[in-house]
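# A structural walkthrough
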Amino acid sequence: MNTYYIIFMKIKAEYIWIDGQTPTAKLRSKTKIIEQGTEPPIWGFDGSSTQQATGDQSDCVLKPVAQFPDPIRGGDNILVMCEVMNVDMTPHASNTRAALVESASNFSEFEPWFGMEQEYTFYEQSYDSLKYGQPLGFPPSGYPAPQGGYYCGVGADEVYGREISEAHATACIEAGLGISGTNAEVMPGQWEFQIGPVGAPDIGDQIWVARWLLYRIAEDWNISATLDPKPVKGDWNGAGMHTNFSTKQMREDGGYDAIVAGCEALGKNADLHVKNYGANIEDRLTGDHETQSFDTFSYGVSDRGASIRIPWQVEVDKKGYLEDRRPNANGDPYVIAMLMIDTVCSAASS
Ligand code: ADP
Ligand code: MN
Ligand code: MN
Ligand code: MN
């Protein structure tokens, strides 16, 4: 007599979530083996290990909100971006996505788009003391030549970690993220990738997944990427996450007035925004190194020393978008997008 077995194809689903670390939350992930072609189910984790619960009531819930093909494992494996819920299925206190979903739905007729420019800095993780603790491309102690030639540079004397930036961009494309470009930044070992234009809450999901891919890919080179807004003190550029923003009205002919109105509304709420644009923002928004000071608000065409820049092409076309230059590299894209929608769209509605 023959025995027949039904073989189900199994895949790995990497569940990714944001923890409760303060003042800057961190990414966590773990693997669930599921049957290919099935929806990734709700799952859980030990919140007492992620600053999201106490030991006696440690269960937190992972609710899948977006999934992407997994470019690291390949095949039919997937990445599953999750939001964290309490066991009664209300949003956990650390869940900043829920508020963005609400704002995006309140102002959906504005069709907000975001382009976020994520800057970051590579660090060697070798225990070789000659390499440890300095940004990639910095000598074992002291400093490299002053910045000036590194931004968008080429050649081994100017560019450090290109192979990781390249692998990361390819992975973002394969995952189906809306990555729009990359560049080497002003400080050696510092890079940028851009995601957008993308709507909300997708922009937040995609920035967080792109960050996870960056850390995961750099891990294989024994290199870490940090979002520290001012990794090297002194005459070295910090790391930001410029946030380009537009509404349907701004993108249409004659949208320039709506862009200026958006800048004015952002000026009226400057403190609220700066306070929620990432920890230690005062270290980066000094008024030097292509920033406006954290306690001053300004906007202007082509002005990289302003809080908000209106790109020159936007002034020529009289429509397009504005660039909020204030958000830190370590800002939470869910919070930044939520504030941007609330401030600009509520002013435009009144
Ligand atoms: P920068 O000149 O400041 O370095 P980048 O090219 O790095 O600018 O980033 C600009 C970002 O703005 C890109 O992600 C791009 O997709 C996005 N963007 C372009 N048009 C719009 C728009 N209408 N609304 C929102 N974002 C936009
Ligand atoms: Mn840029
Ligand atoms: Mn940049
Ligand atoms: Mn920019």
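The shown structure was predicted, so the numbers you read here are calculated from the model rather than taken from an experiment. (Residues numbered from 1 in each chain as written. Chains lettered and ligands numbered in written order. Predicted model: local features only at pLDDT ≥ 70, side-chain atom pairs only at ≥ 80, totals over all residues. Heavy atoms only, no water.)

### Looking at the coordination of the manganese ion (ligand 3)
Going by this rule: Here the term donor refers to an N, O or S atom within 2.8 Å of the metal (or 3.2 Å for Na, K and Ca), and because water is left out of the atoms, sites may appear incomplete. A simple rule labels every residue: compare its accessible area, found with a 1.4 Å probe on the protein chains alone, to the largest value its type can have, and call it buried under 20%, exposed over 50%, or partly exposed in between.
Taken together, Glu 119 (OE), Glu 185 (OE) and Glu 192 (OE) make up the protein donors of the manganese ion (ligand 3), found 2.1 to 2.2 Å from the metal. Sequence spacing of the donors to the manganese ion (ligand 3): E-x65-E-x6-E. A separation of 3.9 Å is found between the manganese ion (ligand 3) and the manganese ion (ligand 2), both of which receive a donor from Glu 192. Grouping residues by exposure puts Glu 185 and Glu 192 together as buried.

### Observations concerning the site of ligand 1
As a reminder, the rule being used: Proximity criterion: a residue is near a molecule or strand once any of its heavy atoms comes within 4 Å of it. Identification of polar contacts relies on pairs of N or O atoms within 3.5 Å, with a donor-acceptor requirement for protein atoms, meaning one able to donate a hydrogen and the other able to accept it, and with residues adjacent in sequence counted only if both atoms are side-chain atoms. For the accessible areas, the method is Shrake-Rupley and the probe is 1.4 Å, while residue cover comes only from the protein chains on display. What counts as a helix is a DSSP run of H or I of at least four residues, what counts as a strand is a run of E of at least two, and both are numbered from the N terminus.
Lining the immediate surroundings of ligand 1 are 16 residues, of which Ser 180, Gly 196, Ser 246, Arg 309 and Glu 323 lie closest. Interatomic distance of 3.5 Å between a backbone N/O atom of Gly 115 and a nitrogen atom of ligand 1. Contact distances for ligand 1 include 3.0 Å between an oxygen atom and a side-chain N or O atom of Glu 192. For ligand 1, whose free accessible area comes to 580 Å², the fraction covered by protein is 76%. Elements represented by at least two residues in the shell around ligand 1 include exactly strand 6 (113-124), strand 8 (190-198) and strand 10 (241-246).

### Digging into the packing of helix 5 (residues 256-268) against helix 9 (residues 333-349)
Relative orientation and spacing of two packed helices are given, respectively, by the angle between their axes and the distance between those axes. Cut-off, in case you're wondering: Helix axes are fitted to C-alpha atoms over the stretch in contact, other axes to C-alpha atoms as well, and angles between N-to-C directions run from 0 to 180 degrees. When an angle is under 35 degrees it counts as roughly parallel; over 145 it counts as roughly antiparallel; between 65 and 115 it counts as roughly perpendicular; any other value is oblique. Left-handed describes a crossing whose near helix is turned anticlockwise from the far helix by less than a right angle; the clockwise case is right-handed. What makes two residues a contact is simply this: any of their non-hydrogen atoms within 4.5 Å. Only Asp, Glu, Lys and Arg are considered charged, only Ala, Val, Leu, Ile, Met, Phe, Trp, Tyr, Cys and Pro nonpolar, and every remaining residue, Gly among them, polar.
Orientation of helix 5 relative to helix 9, taken along the N-to-C sense of each, is 120 degrees, at an axis distance of 9 Å. Here helix 5 is positioned oblique relative to helix 9, judged by the angle of their axes. Crossing angle aside, the handedness with which helix 5 passes helix 9 is right-handed. Two secondary-structure elements touch here, helix 5 through Gly 262, Ala 265 and Leu 266 and helix 9 through Met 340, Thr 343, Val 344 and Ala 347. Here the contact of helix 5 with helix 9 is built from residues that sort into five nonpolar, two polar and no charged.

### Regarding the domain arrangement of the protein chain
How big an interface is tends to be stated in terms of the accessible area lost upon association of its parts. Where we set the bar: Note that domain bounds follow an automatic or database assignment of domains. The term buried area denotes the loss of accessible surface (1.4 Å probe radius) that occurs when two parts are joined, taken as the sum for both partners. Any Lys or Arg side-chain nitrogen located within 4 Å of an Asp or Glu carboxyl oxygen qualifies as a salt bridge.
Here the domain parsing of the protein chain yields domain 1 (10-95) and domain 2 (104-349). Centre-to-centre, using C-alpha coordinates, domain 1 lies 25 Å away from domain 2. Counting the surface lost from both domain 1 and domain 2, the interface buries some 1,400 Å², and carbon and sulfur atoms represent 80% of this. Considering only the surface of domain 1 that becomes buried against domain 2, Leu 27, Phe 68 and Ile 72 emerge as the three largest contributors, covering 37% of it. The tally of links from domain 1 across to domain 2 stands at zero salt bridges. There are one residue pair in polar contact (both at pLDDT 80 or more) connecting domain 1 and domain 2. Listing elements by their share of the side of domain 1 that touches domain 2, those giving two or more residues are strand 1 (10-18), strand 2 (27-35), strand 4 (59-69) and strand 5 (78-85). Examining the composition of the side of domain 1 that touches domain 2, we find that four residues originate from one element, strand 4, more than from any other. Taken together, the residues of the side of domain 1 that touches domain 2 break down into 13 nonpolar, two polar and one charged.

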